[in-house]
Amino acid sequence: MPSSVASMRPDAVSVWKDTEVRERLSWYRQVMIGRLPAKFMLCRKIPTQVENSDASQEELWNEHASLSQQLCDLVKNVESGSESGWSLKDHHPNLLDLKGALVNRMLEHCNFCEWDCKVNRAEGKIGFCRLDRTTSVGSFFRHYGEEAPLIGVERKGGSGTIFFESCNCHCVFCQNWSISQPKTKMNIIGEAVTPVRLAEIAEELASEGAANINYVGGEPTIDLHTIVNSLTHMSTSIPLIWNSNMYCTMESMRILADLIDLWLPDFKFWRDECAKRLMWVGAKASYPEVVKRNHIFAAEHGSMIIRHLVMPGHIECCTKPILDFISETIGDKVLVNIMSQYYPSNMVPMNPEKYPDIARYPSRKEIQDAYDYARALGLQFEQVT
Ligand code: SF4
């Protein structure tokens, strides 16, 4: 292992010289370098009276809306320097405890994502994601292959990536299919983790020098209960990254909005038909409509890098409309990673006649078209692409 980030990923250091990167990722950067506390640490400064088991879900959500506004105000004050987030005292119970109570209730009629299965995973029922209440971690390590701002600037660095097993999308081309696409629950073979164990993993990564904790999968949304409850057991302030397909409900987004310092969503297809055929998602709620809504919401609540994987044959129907959408809505706040590394994987190589459009690599012209289009729109993408 090289002795420094600078020797392995010099762009991880140089990227912060870019004014747009510094401005757009300002919150995340200040948390990463320890100048400001992570949002989940600030949640402890907001007391609650109603996280107890007697309260109805409606009462819990009403309290959450009120405390979430307080957190939002606190984040603004801390960022502007008018209040010190470090010196405020912790309360018990607090907004983090309230969020834990809410996700536990949600698990009983699971609506973490827009499949909205309504199954009681707390009692062992299984939804479309093939998970009951058990959270399984496939692997965790400091990742040096992520976007430059995620690698960190300290001597060791790396993005503290935690891979959760299974997913709520079944992309026929998934490059992570070995952990994201178990055929049944029996095929989920990673480490079963409790909130306490997950917090230990995150603390271990932080103590090794990770620049952040990067929740990914599969899909982290389907393990929201374990992730949120793990945060009450963490003591290190470190930025949290949500590396997600964003096919989650507004309830999940509201829980996450006060916790996530850097959103790392991906936006794959613009057309419903493309998403249904190639991701097997959208039967209940339209994938592009959900993902558009969640991107706009997320951009109001933290720093953001949007990933778009250029798919062969989908430049006109998907890539260009997605870049248009970003430009027209949140293009002045975010960075965009236009990814060129698609290759046929998972079910595609075995069924090229079924998926002829994506049974090849994207051409050089298609990638160049995507770059040219983004450049013409004025999107900030070249720093992280
Ligand atoms: S996480 Fe999504 S797919 Fe899984 S049970 Fe809940 S609503 Fe269904």
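Please refer to the structure placed before this passage.
A. Representation of the overall build of the chain within the structure. For the chain, the count of helices and strands is 16 helices and 8 strands. In terms of overall size, the chain behaves like a compact globule, its C-alpha atoms giving a radius of gyration of 20 Å where 385 residues would be expected to give roughly 21 Å. Seen along its three principal axes, the alpha-carbon backbone of the chain occupies a region of about 60 × 50 × 40 Å. The buried share among the 385 residues of the chain stands at 49%. Counting only contacts in the chain whose residues sit at least 6 apart along the sequence, the fraction spanning at least 24 positions is 77%.

B. Broad picture of the site of the ligand. Near the ligand you find 15 residues, and of these Cys110, Cys113, Cys117, Gly127 and Cys129 are the closest. A breakdown of the residues in the shell around the ligand according to their chemical character gives 10 nonpolar, 3 polar and 2 charged.

C. Examining the sheet that holds strand β1 (residues 135-143) more closely. Spatially, β3-β1-β2-β4-β5-β6-β7-β8 is the arrangement adopted by the 8 strands of the open sheet, whose pairing is mixed. Here the strands that pair on one side only, and so sit at the sheet edges, are β3 (191-193) and β8 (335-339). Shown here is a sheet whose adjacent strand axes are inclined to one another by a mean of 25 degrees, direction ignored. Direction of pairing for strand β5 (residues 240-244) relative to strand β6 (residues 262-265): parallel, over a ladder of 4 bridges. Directly across from asparagine 243, in β6, lies its bridge partner leucine 264.

D. Looking closely at helix α10 (residues 195-207). With 13 residues, α10 ought to run about 18 Å at 1.5 Å a step, and its terminal C-alpha atoms sit 18 Å apart, in line with that. Regarding α10, the residues found buried are Leu198, Ala199, Ala202 and Leu205. Buried residues of α10, seen end-on, are gathered within an arc of 120 degrees and therefore sit on one face of the element. Along α10, the residues that are exposed and aim more than 90 degrees away from the buried face are Val196, Glu204 and Ser207.

E. Just the environment of leucine 231, in detail. With respect to the element layout, leucine 231 can be found in the loop between α11 (224-230) and β5. In sequence terms leucine 231 and aspartate 266 are 35 residues apart; their C-alpha atoms lie 24 Å from each other.

F. Region of interest: the packing of helix α15 (residues 315-329) against helix α16 (residues 364-377). The N-to-C vectors of α15 and α16 enclose an angle of 20 degrees; their axes lie 10 Å apart at closest approach. One element, α15, and the other, α16, form an angle in the roughly parallel class. For the element pair α15 and α16, the recorded crossing hand is right-handed. When α15 is examined against α16, the residues Ile315, Thr319, Lys320, Leu323 and Ser327 are found in contact with a partner set consisting of Glu366, Asp369, Ala370, Tyr373, Ala374 and Leu377.

G. Molecular detail of the pairing of strand β2 (residues 159-164). Burial analysis of β2 places 6 of its 6 residues in the buried class, the great majority of the element. Covered by surrounding structure in β2 are Ser159, Thr161 and Phe163 together with Gly160, Ile162 and Phe164, the residues of both alternating faces. Here β1 pairs with β2 via 6 bridges, running antiparallel. By the bridge assignment, valine 137 is partnered in β2 with phenylalanine 164. Relative to strand β4 (residues 212-216), β2 runs parallel, the two sharing 5 bridges. Along β4, the bridge assignment pairs glycine 160 with isoleucine 213.

H. Geometry of the nonpolar core. In this structure, Ile213, Tyr247, Leu278 and Val336 are the most contacted members of the largest nonpolar core, which totals 116 residues. Per element, the largest residue contribution to this core is 8 residues, and it comes from helix α7 (residues 95-107). Discounting chain neighbours no more than four positions away, the residues touching isoleucine 213 are Gly160, Ile162, Ala202, Leu205, Ile238, Leu240 and Ile241.

I. Focus on unusual backbone geometry. Cis geometry is found at the peptide bond from histidine 92 to proline 93, where omega equals -10 degrees. In this structure, proline 93 sits in the loop between α6 (57-80) and α7. A cis amide bond links glycine 217 with the next residue in sequence, glycine 218, at an omega value of 15 degrees. For glycine 218, the location among the structural elements is in the loop between β4 and α11. Phi at serine 166 takes a positive value of approximately 80 degrees, unusual for a residue other than glycine. Positionally, serine 166 belongs in the loop between β2 and α9 (177-180). For methionine 246, which is not glycine, the phi dihedral falls at a positive 65 degrees. If you trace the backbone, methionine 246 turns up in the loop between β5 and α12 (250-257). Take methionine 246: there are 27 C-beta atoms within 10 Å of it, and that puts it in the buried class.

Cut-offs and rules
- Residue numbers run consecutively from 1 along every chain, following the written order of its sequence.
- Note on the predicted model: pLDDT of at least 70 is required for a residue's local features to be given, and 80 or more for side-chain atom pairs to be given and counted; whole-chain, interface and lining totals, by contrast, use all residues.
- Starting at the N terminus, helices and strands are each numbered in turn, a helix being any DSSP run of H or I of at least four residues and a strand any DSSP run of E of at least two.
- Using C-alpha atoms as the atom set, the radius of gyration is obtained and then compared with a globule rule of 2.2 Å times the number of residues to the power 0.38.
- Three exposure classes are used. Buried residues have 20 or more other C-beta atoms within 10 Å of their own C-beta, exposed residues have 12 or fewer, and partly exposed residues fall in between, all C-beta atoms being placed from the backbone.
- By the criterion used throughout, residues are in contact when their C-beta atoms, derived from the backbone, lie within 7 Å.
- Each residue receives a C-beta atom built from its backbone; the residue is near a molecule or strand if that atom lies within 6 Å of it.
- Here the nonpolar group is Ala, Val, Leu, Ile, Met, Phe, Trp, Tyr, Cys and Pro; Asp, Glu, Lys and Arg are the charged ones; every other residue, Gly included, is treated as polar.
- Two strands pair if DSSP finds at least two bridges between them.
- Helix axes are fitted only over the stretch in contact, all axes being lines through C-alpha atoms; the angle between N-to-C directions runs from 0 to 180 degrees.
- A helix is expected to span 1.5 Å multiplied by its residue count minus one.
- Our arc is simply the arc of the directions from the helix axis toward the C-beta atoms.
- When describing relative orientation, an angle under 35 degrees is termed roughly parallel and one over 145 degrees roughly antiparallel, while 65 to 115 degrees is termed roughly perpendicular and anything else oblique.
- With the far helix as reference, a near helix turned anticlockwise by less than a right angle produces a left-handed crossing, and one turned clockwise produces a right-handed crossing.
- Among buried residues, those of type Ala, Val, Leu, Ile, Met, Phe, Trp, Tyr and Cys that are joined through C-beta atoms within 7 Å form a set called a nonpolar core.

Shape descriptors only; they carry no functional weight alone.
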